[in-house]
Amino acid sequence: QVQLVESGGGLVQAGGSLRLSCATSGRTFSSYTMGWFRQAPGEEREFVAALSRGGGSTYYADSVKGRFTIARDNAKNTVYLQMDSLKPEDTAVYYCAADAFWGRATTMQEYAYWGQGTQVTVSS
């Protein structure tokens, strides 16, 4: 069983930055596609970013492209989401997810494991 624990959320002013971390258990982290999703109040959960097993390929939602960066440290079993130039519309609970087929890494249903989420609030 793989466990994912997110951290790094909080309250930030518009234009600010946050870095989310997702620590995973298990010995097979390096074999997983990793993704970040978010869910705003009253909205569906949506894709944010994904990173291939080796870290060489990424996907980003258009809404975050150029502002967010996903990265992984396989030695630490951790994936990160660096969020810059934050906007109020980025306010949501952010979820880390693991183990999806890379070709469908933007699809929530493809992921086998999920964290509990961390709240990000961006004030205007």
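Keep in mind it's a predicted model, so treat the numbers as computed, not measured. (Residues numbered from 1 in each chain as written. Predicted model: local features only at pLDDT ≥ 70, side-chain atom pairs only at ≥ 80, totals over all residues. Heavy atoms only, no water.)

As for the nonpolar core
And then number 1: One finds Trp36, Leu81, Met83 and Tyr94 to be the most contacted residues of the largest nonpolar core, which totals 35 residues.
And then number 2: Every element with two or more residues in this core is listed here: β3 (18-24), β4 (34-39), β5 (46-51), β7 (68-73), β8 (78-83), β9 (92-98) and β11 (118-123).
And then number 3: Here Tyr94 is in contact with Glu6, Leu20, Trp36, Phe37, Arg38, Val48, Phe68, Leu81, Met83, Gly117, Thr118 and Val120, once residues within four sequence places are set aside. (Core = buried A, V, L, I, M, F, W, Y, C linked by side-chain atoms within 4.5 Å. Buried < 20%, exposed > 50% of the residue type's maximum accessible area, 1.4 Å probe, protein only. Helix = DSSP H or I, 4+ residues; strand = E, 2+ residues; numbered from the N terminus. Contact = heavy atoms within 4.5 Å.)

Points about the pairing of strand β1 (residues 4-7)
And then number 1: Burial of the side chains of β1 is restricted to one face: Leu4 and Glu6 are buried, whereas none of Val5 and Ser7 on the reverse face is.
And then number 2: In this sheet, β3 lies alongside β1 in antiparallel orientation, the contact comprising four bridges. In the strand pairing of β3, Ser7 is matched with Ser21. (Pairing = 2+ DSSP bridges.)

Section: the state of the cysteines
And then number 1: Counting across every chain of the model gives one disulfide.
And then number 2: A sulfur-sulfur separation of 2.1 Å characterises the disulfide bridge that pairs Cys22 with Cys96. A torsion of -80° about the S-S bond marks the disulfide between Cys22 and Cys96 as left-handed. Taken together, the residues Cys22 in strand β3 and Cys96 in strand β9 connect sequence positions 74 residues apart. Each of the two residues, Cys22 as well as Cys96, counts as buried. (Disulfide = S-S within 2.5 Å.)

As for the pattern of salt bridges
And then number 1: Tallied over the full model, the rule gives five salt bridges.
And then number 2: Note that Lys65 and Asp62 form a salt bridge whose closest N and O atoms lie 3.1 Å from each other.
And then number 3: Taking relative accessible area as the criterion, Asp62 reaches 66% and is therefore assigned exposed.
And then number 4: Here the salt bridges share partners, and the residues they tie into one network are Arg38, Glu46, Arg67 and Asp90. (Salt bridge = Lys/Arg side-chain N within 4 Å of Asp/Glu carboxyl O.)

Here's the deal with the packing of aromatic side chains
And then number 1: Throughout the structure, instances matching the rule amount to six aromatic pairs.
And then number 2: Centroid distance Phe37 to Phe47: 5.6 Å. Interplanar angle 75°. Geometry classified as edge-to-face. Remark: Phe47 occurs in strand β5 and Phe37 occurs in strand β4; sequence separation between them is ten residues.
And then number 3: A centroid spacing of 5.1 Å and a plane angle of 55° characterise the contact between Phe37 and Trp114, whose relative ring orientation is tilted. Here Phe37, found in strand β4, pairs with Trp114, found in strand β10 (residues 113-114); they are 77 residues apart in sequence, far enough to count as distant.
And then number 4: Judged by relative accessible area, which is 1%, Phe37 ranks as buried.
And then number 5: Owing to a relative accessible area of 26%, Trp114 belongs among the partly exposed residues under this scheme.
And then number 6: Taken together, the aromatic side chains of Phe37, Phe47, Tyr111 and Trp114 make up a single cluster linked through ring pairs. (Phe/Tyr/Trp six-rings, centres within 6.5 Å; stacked < 30°, edge-to-face > 60°.)

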